[in-house]
There are 2 protein chains.
Amino acid sequence: MNNFDLLNPTKILFGKNQIANLLKEIPENAKILLLYGSGSIKKNGIYTQVKEALTSYKIIEFGGISANPEYAVLMDALQVIKNEKITFLLAVGGGSVIDGTKFLSAAALFKGENPWDILAKNIAIQKGMPFGTVLTLPATGSEMNSGAVITRKETKEKLVMGGPGLFPIFSILDPEVVKSIPQHQIANGLADAFTHVLEQYITYPVNALIQDRFAEGILQTLIEIAPKIMKNNADYNAAANFMWSCTMALNGLIQKGVPSDWAIHMMGHELTALFGIDHARTLAIILESHYTYNFESKKEKLAQYATRVWNVTKGTTEEKALDGIKKTVQFFQSLGIKTTLSEYTDSYKGTAEIISKRFEERGWKGIGEHGKITPNDVEKIVKMSY
Amino acid sequence: MNNFDLLNPTKILFGKNQIANLLKEIPENAKILLLYGSGSIKKNGIYTQVKEALTSYKIIEFGGISANPEYAVLMDALQVIKNEKITFLLAVGGGSVIDGTKFLSAAALFKGENPWDILAKNIAIQKGMPFGTVLTLPATGSEMNSGAVITRKETKEKLVMGGPGLFPIFSILDPEVVKSIPQHQIANGLADAFTHVLEQYITYPVNALIQDRFAEGILQTLIEIAPKIMKNNADYNAAANFMWSCTMALNGLIQKGVPSDWAIHMMGHELTALFGIDHARTLAIILESHYTYNFESKKEKLAQYATRVWNVTKGTTEEKALDGIKKTVQFFQSLGIKTTLSEYTDSYKGTAEIISKRFEERGWKGIGEHGKITPNDVEKIVKMSY
C-alpha cells in the first residue's frame, strides 16, 4: 500500500426529505447565490423544496449552467457574485452545476487578474467561497470531492481544477430525485461511476486489499442495481444504492494508497470538447482500446476484476483479463451506450491526431498510472476507438 | 437504505515516516500535553520520533494511561492540563490512550461541576480541546471516530461517551509500529476490528448494498492478513492492511444507513469491568451465544456473511447462518483467543445475573438492533457464554 493523506470534510445528508434540513447547514445571514442548470429543478419540485427550506434567507438565482459547464456562462455568474456581494453558493443540480459552482467558489476569492489561470495553470485552490450542494443527478461524485472540470467552447478545451479548499461544506443526497431523471442520464451516471472506479482500480497490484475490495464492492453494486434503476427510476432502494455508489466512486476514499490511471478521462474529455458527446459515453468509447493497448501492464488487475466482480473462474490470467474487458463493454451496451466513436459522429477521421497533438502541446508527455503513455500512444488508442 | 448524516473531519496521514509530518498538523504556539500508556513508546522508538518532529514546541508529558483507561488517572491528567494551560492534546498510543485523550478533550472544556457526568449522563460533546493522535496499536478505530470508552475501577463501571466535537484533528497511522506489537495484542486487534464490523453488519437486511459490500471487504481483508501478521509482525504489507482495516471498521462509514447491534460490546464491557479480561476477548466470549440466542432475527445476514465472506455455498439459509457463526468462532480460536468465559476465570458463576441487574439499573430495557433484548435475555446470553 502506498502512503497517503486523507481528509474529506464534506457533510453528507442522505435520504428522503433531507432537503428540508438545508436551513441548519447554511450560515445565518448568508447571502446565497442559488445555481442551477437547464431549469429541470423547477419541473421536478426540487426548486420548490429548496426555496421552502430557505425562506429566511436572501437568495439570488443564476440558472443556465449546462452540461460541461461553460467558462463564459460562469464568468457571468461571477459578475453576479461580485455585484450582489454573495457570501454562500448553493449548487442545485448534477455534476456540471456543482463543478461550475466549484469554479465560482475559487474565482470569487481569486487574487490573480485572469480567472482562466485557475484552469490553464491548474492552480491548487486552498480556500474558496463556502458552498453546499443539493444533488439532482448521481454520476460524477463532485458532491463529495474537491475537483471540477470546466469547458471553454471558444477554444474547445475541457480542463480540470481543484484543491483542498473546494470540498462542499455539505451535500444533500435525496434518492427521490432519481425518479425524475431520464433513462439516458441514468445510463450516463452508471457508466460514469463505473469508470471512475475502474480508473482507480485497473492499474497494477500494490497490496492495497481494502481499497480493492471497496472498489469491487462499488462495481458489484452498480452491476446489481443497473437493470433495476434502468427499468424503474422510482425504485427507491435501487436509487439510493445508485446514488451512494456514485458518491463513493469518486470521493477520494478508494484512490488512497493506490496508483490511479485517469487516461480514459483525459482522452474522453477531448471527445466531449470536440464533438459534444456526453462525458460518460466518451469513457465508454475509449475504455476498451485503452485496456487492450495497455493490456500487459494491466492484466493482473483486469483478471482480478473479472474474477471477483464478474465471477469469471476459468482460464489463464490473460484469458480472464480479456473476459473482464469484454464484460465491461457488454455492461455499457446493456445500458444502451454505444462504445465506438463512429457510432456518435461521421467526422471522426483525424480525431486521434488532433488529440495527440493537444496532449503534446500541453506537455502531457506521459499519462496513466505509470506515466508512460505518450501522445503517440494516445493517438493509437483513440484510433482503435473509432 | 436508512437515512443518514455523515461527517468525518479527521485527517489521516498513513504510511511510513508520516510521524515526521506531525509539525505541519499542530497549530503554531500550541502548548502540548503528550499522553501515552505504559511506556512502550519509549522502547520502540516512537517516542523519539515524536519528540524529534516537535522540537519547536513546548511539550508536557503524561504517561501511564493503561488499557481500559481509568477515570482516576485521567483526572490527574486533567489537573495537569489546567495547571500547565495546555492548548493541544497529543495521544501517542492505542485505543485506550486515544479514548482517554477524548475524555480529557471533553473534560478540559466541560462547564459542569463533575466531569464524571460526561460519562454517567452520556453528554454529547459538541466541542472539545483540539487533539491529534499517533496510533501505535491498530484495533479500536478510535483514531478516526468520535467515541470513547472509559473505566472507573472504584465502581467497576465501563461507560461510553462521544459527540461530534471529539474527532481527532489528525491521526498518524504508520504501519511500521506493528512490528513492535506483541502477538497477543495483534490477535486482540484483529478480533476487535472483526467484531466491530459484525456489530454493524449482522443485523437485518435494509438494501444497503454498498455498506454490506464494504463490511464484507473489511472482514475478507482481516481474514486474509490475519495468518500473515500473526506469523510475522514485520510484514509491512500485512501490517498496512491490518491497520487500515481497523480504522475503516469503526470510522462511521459502514454504519451509515444501516441498523447497528452493539449488544456484544455492551455485554463484553461488563466482562472487562468485572474480570479485567481484554476487551477484544470479551467480544469473542459473547459473540457465539448472542448470535445463537438471536438466530431468527439475524439469520438472513448471517447466511449472507457465510456465503460472501467464508464462501459457504451449500445448505439452507439456516445451515449457512450456523456455519457463519461456527467459522467466526474458529477464526477467533485461530488467533489463540479463547471463546468461553470459564476459560478466563473460575469465578464466573453469577456473572449473568450481575450483568443483567446492571443493565436493569441503568434502564437498558432493550438493546440490539431491534431494541428488544431485555435484561432477562442478557442474563441468558451471558450464561450461554460460560
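Residues numbered from 1 in each chain as written. Chains lettered and ligands numbered in written order. Predicted model: local features only at pLDDT ≥ 70, side-chain atom pairs only at ≥ 80, totals over all residues.

Draft legend 1. Looking closely at the overall build of chain A. When its secondary structure is counted, chain A shows 15 helices and eight strands. In terms of C-alpha radius of gyration, chain A reaches 20 Å, essentially the compact-globule figure of 21 Å for 386 residues. Overall, the C-alpha framework of chain A stretches about 65 × 45 × 45 Å when taken along its three principal axes. The proportion of buried residues among the 386 residues of chain A is 56%. Considering only contacts in chain A between residues 6 or more positions apart, those separated by 24 or more positions represent 77%. (Helix = DSSP H or I, 4+ residues; strand = E, 2+ residues; numbered from the N terminus. Rg over C-alpha atoms; globule rule 2.2 N^0.38 Å. Buried ≥ 20, exposed ≤ 12 C-beta atoms within 10 Å, placed from the backbone. Contact = placed C-beta atoms within 7 Å.)

Draft legend 2. Layout of the interface of chain A and chain B. Contacts between chain A and chain B engage 32 residues on the former and 32 residues on the latter. The biggest single contributor to the side of chain A that touches chain B is helix α8 (residues 209-231) of chain A, with ten residues. Residue composition of the side of chain A that touches chain B, by class: 16 nonpolar, eleven polar and five charged. When strand β1 (residues 4-14) of chain A meets strand β1 (residues 4-14) of chain B, the two strands line up antiparallel, connected through seven bridges. Bridge pairing in β1 of chain B places Leu 6 of chain A opposite Ile 12 of chain B. (Nonpolar A, V, L, I, M, F, W, Y, C, P; charged D, E, K, R; others polar. Pairing = 2+ DSSP bridges.)

Draft legend 3. Inspection of the pairing of strand β8 (residues 170-173) of chain B at higher detail. Residue and element names in this part refer to chain B. The alternating pattern of β8 places Phe 170 and Ile 172 on one face and Ser 171 and Leu 173 on the opposite face, and all of these are buried. Of the strand pairs in this sheet, β1 and β8 are connected by four bridges, and their pairing is parallel. Each bridged residue has a counterpart across the sheet, and for Ile 12 the counterpart in β8 is Ser 171. Note that strand β5 (residues 131-135) and β8 share four bridges and pair parallel. By the bridge assignment for β8, Thr 133 is matched with Ser 171.

Draft legend 4. Looking closely at the sheet that holds β1 of chain B. Strands sit in the order β3(A)-β2(A)-β4(A)-β5(A)-β8(A)-β1(A)-β1(B)-β8(B)-β5(B)-β4(B)-β2(B)-β3(B) across an open sheet of twelve strands; the sheet is mixed. The strands lining the two open edges of the sheet, one partner per strand, are β3 (58-62) of chain A together with β3 (58-62) of chain B. Strand after strand, the sheet turns through a mean of 25° between neighbouring axes, direction not considered. (Axes fitted to C-alpha atoms, helices over the stretch in contact; angles between N-to-C directions.)

Draft legend 5. Highlighting the relation of the copies chain A and chain B. Least-squares fitting of chain A to chain B yields an RMSD of 0.0 Å, with the transformation described by 0.0 Å of translation along the axis and a rotation of 180°. Those values place the two copies in the arrangement expected of a two-fold rotation axis. Taking the C-alpha atom as reference, chain A places Pro 9 of chain A closest to the rotation axis, 2.4 Å from it. (Least-squares fit on C-alpha atoms with pLDDT ≥ 70 in both.)

Draft legend 6. Seen up close, the packing of helix α7 (residues 183-201) of chain A against α8 of chain A. Residue and element names in this part refer to chain A. The interhelical angle for the contact between α7 and α8, taken along N-to-C directions, is 165°, at an axis separation of 10 Å. The orientation of α7 relative to α8 falls into the category roughly antiparallel. Viewed along their axes, α7 and α8 form a crossing whose handedness is left-handed. Contact with α7, carried on its side by Gln 183, Ile 186, Ala 187, Leu 190, Ala 193, Phe 194, Val 197, Gln 200 and Tyr 201, involves Asp 212, Ala 215, Ile 218, Leu 219, Leu 222, Ala 226, Ile 229 and Met 230 of α8 and no other residues of that element. Its residues assigned to classes, the contact of α7 with α8 comprises 14 nonpolar, two polar and one charged. (Parallel < 35°, antiparallel > 145°, perpendicular 65-115°, else oblique. Left-handed = near helix turned anticlockwise from the far one by under 90°.)

Draft legend 7. Inspection of the nonpolar core at higher detail. The biggest cluster of nonpolar side chains holds 262 residues, and the ones touching the most others in it are Leu 35 and Val 92 of chain A together with Leu 35 and Val 92 of chain B. In this view, Leu 35 of chain A contacts Phe 62, Ile 65, Ala 77, Leu 89, Leu 90, Ala 91, Val 92, Val 97, Gly 100 and Thr 101 of chain A; residues no more than four positions away in its chain are not counted. (Core = buried A, V, L, I, M, F, W, Y, C linked by C-beta atoms within 7 Å.)

Draft legend 8. Just the domain arrangement of chain A, in detail. Residue and element names in this part refer to chain A. Taken as a whole, chain A is organised into domain 1 (11-176) and domain 2 (182-384). Its C-alpha centre places domain 1 at a distance of 26 Å from the equivalent point of domain 2. Between domain 1 and domain 2, the residue contacts involve 18 residues of the former and 23 residues of the latter. Listed by contribution, the elements that provide at least two residues to the side of domain 1 that touches domain 2 are β6 (147-152) and β7 (157-162). Taken together, the residues that form the side of domain 1 that touches domain 2 break down as eight nonpolar, five polar and five charged. (Domains from an automatic or database assignment.)

Draft legend 9. Representation of helix α11 (residues 279-293) of chain A in the model. With 15 residues, α11 of chain A should reach 21 Å at 1.5 Å per residue; the first-to-last C-alpha distance of 21 Å fits that figure. Within α11 of chain A, 14 of the 15 residues are buried, which leaves it mostly tucked inside the rest of the structure. (Expected span 1.5 Å × (residues − 1).)

Draft legend 10. Spotlight on helix α15 (residues 375-384) of chain A. Turning to α15 of chain A, its buried residues are Pro 375, Val 378, Ile 381 and Val 382 of chain A. Considered in projection along α15 of chain A, the buried side chains sweep an arc of 110° and stay on one side of the axis. (Arc of directions from axis to C-beta.)

Draft legend 11. Structural context of the packing of α11 of chain A against helix α13 (residues 317-334) of chain A. Residue and element names in this part refer to chain A. Two numbers describe how α11 lies on α13: the axes approach to 10 Å, and their chain directions differ by 175°. Taken together, α11 and α13 sit at an angle that is classed as roughly antiparallel. For the pair formed by α11 and α13, the contact residues are Ala 284, Leu 287, Glu 288, Tyr 291 and Thr 292 on the first element and Ile 325, Thr 328, Val 329 and Phe 332 on the second.

Draft legend 12. Molecular detail of the environment of Pro 138 of chain B. Position of Pro 138 of chain B among the secondary structure elements: in the loop between β5 and β6 (147-152). Every residue in contact with Pro 138 of chain B, bar those within four places of it in the chain, is listed here: Val 178, Gly 189, Phe 242, Met 243 and Cys 246 of chain B.

Draft legend 13. Seen up close, the pairing of strand β2 (residues 31-35) of chain B. All names here are of chain B. Counting buried positions along β2 gives four out of five residues, so the element sits mostly inside the fold. Sheet analysis places β2 next to β3, joined by five bridges and oriented parallel. Within β3, the position partnered with Leu 33 by the bridge is Ile 60.

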